[in-house]
Amino acid sequence: MAVTIEDLYRNYGILADAKDNLSQHKDAYQVILDGVKGGPKEKRLAAQFIPKFFSSFPELTDAAINAQLDLCEDEDVSIRRQAIKELPRFATGENIPRVADILTQLLQTDDTAEFNQVNAALISIFKVDAKGTLGGLFSQILQGEDIVRERAIKFLSTKLKSLPEDVMTKEVEEYIFAETKKVMDDVTGQEFVLLMRVVSNLRALQTVNGRQQLVELVVEQAFLEQALNPADPDTVDRLLQCTRQALPLFSKNVHSTRFVTYFCEHVLPNLSTLTSPVTELDIQLEVLKLLAEMSPFCGDMEKLEANLNMLFTKLLEFMPLPPEEVENGENSANEEPKLQFSYVECLLYSFHQLGKKLPDFLLDKVDAERLKDFKIRLQYFARGLQVYIRQLRVALQGKTGDALKTEENKIKVVALKITNNINVLIKDLFHNPPSYKSTVTLSWKPVQKTEAVAAKRSSSDETGPGDSTKKQIPSQPRRDSRQIYNPPSEQRGGFRGGRGRSFGARGNRSRGRVY
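1. With respect to the overall build of the protein
Along the backbone of the protein there are 21 helices and 0 strands. For the protein, buried positions account for 49% of its 515 residues. Residue pairs in contact within the protein that sit at least 24 positions apart in sequence constitute 75% of those at least 6 positions apart.

The structure is reproduced here in structure tokens:
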């Protein structure tokens, strides 16, 4: 016989009046559990009554949770919402991971209000037992359906940073890092980026040792021990994604040596044959920019001379010889060689940074004929550079405010930064002996003073959870602020991100809802 509204209210009264003798009224609680088999009104009441007396009947724990779960899966959205709202009341002791597991699976709902309610419920049990809640979340990330896994990772990447320090303790953060490393064994590119955001925001890792651990995590994903297959866009994408994630972690104490070495030994030799993972991405320029940004943080390098030689060789490729002249003094070709300023800025900067570690490279490690050829190319490039700098200065002269904000003038301003940088670096190399003392800021990066002010104004933007974040190690400029620029004579392109290209197919996980 189906349970009625009257039955539910009567048995609720029995339990409410029992006070200290609640456990003696198991039959009354069973009637309330049976309410999940009734009509919509009975189900809504059961959703409220079941959790109220749940803790008094430990022998009916499984039956109570399963009854509430049935209501969470009901066809009536109002019943589902009521049941989900009450779920955190079951989150006590050993039940917390199970409740978190259930709520994580419920993230797959397409109903916005219901989805928000699940998020709120997860946050509430996080504050009861963060580690237990994480156990349920990571269980589904590792074993759940793809949609559940995707939304659970997004939950972690967006919600953890808002939790206070008394919830996100050192022990909890260490657990997050350990579990994230397990997930990293099998991730897509998009998942990798989101998970790196999770661990990079952990307060416990805002130290030199912590950042080194994060770099090690990225190194494992980057497969730096394997040769690069330049024809495979997934392999190239993996390297780009990993390098972008590692870059903000590098500093004078956390070195980029393994990445710089890999770029010199495996990427530069294959630069012209790299397959871009995105059609509009200038893959060669993107790679050279990443190398340039990493080079200041390179530590002691085993094959420094060989890697400098590779950089030197690649630099020569982008610095043309002057056109040959025929007997009457005119150029033999109709057009002068194209000067690829963006590429040269990156290569010169990287060569300049690594050259500091072996300052006699151009004097003792390069034969006289090759050095002479280099200086001819350098002189020719410098002459073209001076002409272009003068043109740019004339074009920008007297322009201020809004006039500099037009697309055309923005391009010219960046072009002037590029050419000025190259000019400074070339002057250093023309010294006898070559000098490596000048300092320039790469054209796509903000000047350091601006960086410092910006960091103070937005200290909690992307660096840590909550407003109470402790002072953290300064990081490099945010990756999404980096602009790709090519002067007008070069093909334009830039990284657009968000491709979701797989790092490798993840194995099929169990299907169906397993609670």
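After that view, the rundown keeps rolling.
2. Regarding unusual backbone geometry
With an omega dihedral of 0°, the bond running from Asn432 to Pro433 counts as a cis peptide bond. With phi around 55°, Phe223 is a residue other than glycine that occupies positive phi space. As for its position among the elements, Phe223 is in the loop between helix H12 (208-222) and helix H13 (233-246). A residue is classified by how much of its surface remains accessible, and Phe223, at 32% relative accessible area, is partly exposed.

3. Describing the packing of aromatic side chains
Inspection of every chain in the model, using the stated rule, returns 15 aromatic pairs. Relative to Tyr388, the ring of Phe341 lies with its centre 5.0 Å away and its plane at 20°, an arrangement referred to as stacked. Linking Phe341 in helix H17 (residues 341-355) with Tyr388 in helix H19 (residues 368-396), this pair joins segments that are 47 residues apart in sequence. Here a set of aromatic residues connected by ring pairs shows up, and it is made of Tyr9, Tyr12, Phe49 and Phe53. Here the guanidinium or amino end of Arg238 rests over the ring plane of Phe223, the centre of that ring lying 4.0 Å away.

4. As for the nonpolar core
By size, the foremost hydrophobic cluster in this structure holds 156 residues, and its most contacted members are Tyr29, Ile50, Leu103, Leu362 and Phe374. With 11 residues, H19 is the largest single contributor of residues to this core. Here Ile50 is in contact with Tyr29, Ile32, Leu33, Val36, Ala64, Ala67, Gln68 and Phe90, once residues within four sequence places are set aside.

5. Focus: helix H7 (residues 112-126)
Counted at 1.5 Å a residue, the expected span for H7 with its 15 residues is 21 Å, and the 21 Å between its end C-alpha atoms agrees. For H7, the complete set of buried residues consists of Glu114, Val118, Asn119, Ala121, Leu122, Ile123, Ile125 and Phe126. Contacts made by the buried residues of H7 are with helix H4 (61-72), helix H5 (77-86), helix H6 (96-106), helix H8 (130-143) and helix H9 (146-159).

6. A few points about the pattern of salt bridges
Taken as a whole and assessed by the stated rule, the structure comprises 19 salt bridges. The partner of Glu286 in a salt bridge is Arg244, and the shortest N-O contact between them spans 2.7 Å. Placement of Glu286 in helix H15 (residues 283-294) and of Arg244 in helix H13 is noted, with a sequence separation of 42 residues between them. Residue Glu286 is classed as buried on the basis of its relative accessible area of 0%.

7. Quick look at H5
Three or more residues of H5 are buried, namely Ile79, Arg80, Gln82, Ala83, Ile84 and Glu86. Those residues of H5 that are buried lie in contact with helix H3 (40-53), H4, H6 and H7.

8. A closer look at the confidence of the model for the protein
Residue-level pLDDT values for the protein average 85, and 84% of them are 70 or greater. No element of the protein has a lower mean pLDDT than helix H21 (residues 448-457), which averages 42, and none a higher one than helix H14 (residues 257-267), which averages 97. Under a pLDDT of 50 for its full length, residues 504-515 has, in the predicted model, 36 contacts with residues more than four places off or in other chains.

9. Observations regarding the packing of H7 against H8
Geometry of a packed helix pair, given as the angle between the helix axes and the separation of the axes. Running from amino to carboxyl end, H7 crosses H8 at an angle of 140°, the nearest separation of the two axes being 7 Å. Here H7 lies oblique to H8, going by the angle between them. When H7 is examined against H8, the residues Leu122, Ile125 and Phe126 are found in contact with a partner set consisting of Ala130, Thr133, Leu134 and Leu137. Of the residues that constitute the contact of H7 with H8, the class distribution is 6 nonpolar, 1 polar and no charged.

10. Describing the packing of helix H11 (residues 189-200) against H13
The geometry of H11 relative to H13 is characterised by a closest axis approach of 10 Å and an angle of 10° between their N-to-C directions. In terms of orientation, H11 and H13 fall into the roughly parallel class. The residues of H13 that touch H11, namely those facing Gly189, Phe192, Val193 and Met196, are Gln241, Cys242 and Gln245. Class assignment for the residues of the contact of H11 with H13 results in 4 nonpolar, 3 polar and no charged.

11. Description of the side chain of Thr261
One can find Thr261 in helix H14. Engagement of the side chain of Thr261 in a polar contact is seen with the backbone oxygen of Thr257, the distance being 2.8 Å. Residues within four places of Thr261 in sequence aside, it is in contact with Met301 and Asn307.

12. Observations regarding the environment of Gln245
In this structure, Gln245 sits in helix H13. In the structure, Gln245 is positioned 31 residues away from Leu214 in sequence and 9.3 Å away in space, judged by C-alpha atoms. Those residues in contact with Gln245, other than ones at most four positions away along the chain, are Phe192, Val193, Met196 and Val218.

13. Some thoughts on the environment of Phe54
Note that Phe54 resides in the loop between H3 and H4. By relative accessible area, Phe54 is classed as buried at 4%. Separated by 36 residues in sequence, Phe54 and Phe90 place their C-alpha atoms 7.2 Å apart. Setting aside residues no more than four positions away along its own chain, Phe54 makes contact with Tyr29, Thr61, Ala64, Ile65, Arg89, Phe90, Thr92 and Asn95.

Cut-offs applied
Residues numbered from 1 in each chain as written. Predicted model: local features only at pLDDT ≥ 70, side-chain atom pairs only at ≥ 80, totals over all residues. Heavy atoms only, no water. Helix = DSSP H or I, 4+ residues; strand = E, 2+ residues; numbered from the N terminus. Buried < 20%, exposed > 50% of the residue type's maximum accessible area, 1.4 Å probe, protein only. Contact = heavy atoms within 4.5 Å. Phe/Tyr/Trp six-rings, centres within 6.5 Å; stacked < 30°, edge-to-face > 60°. Lys NZ or Arg CZ within 6 Å of the ring centre and 35° of its normal. Core = buried A, V, L, I, M, F, W, Y, C linked by side-chain atoms within 4.5 Å. Expected span 1.5 Å × (residues − 1). Salt bridge = Lys/Arg side-chain N within 4 Å of Asp/Glu carboxyl O. pLDDT = per-residue confidence, 0-100. Axes fitted to C-alpha atoms, helices over the stretch in contact; angles between N-to-C directions. Parallel < 35°, antiparallel > 145°, perpendicular 65-115°, else oblique. Nonpolar A, V, L, I, M, F, W, Y, C, P; charged D, E, K, R; others polar. Polar contact = N/O pair within 3.5 Å; in protein donor to acceptor, adjacent residues only side chain to side chain.

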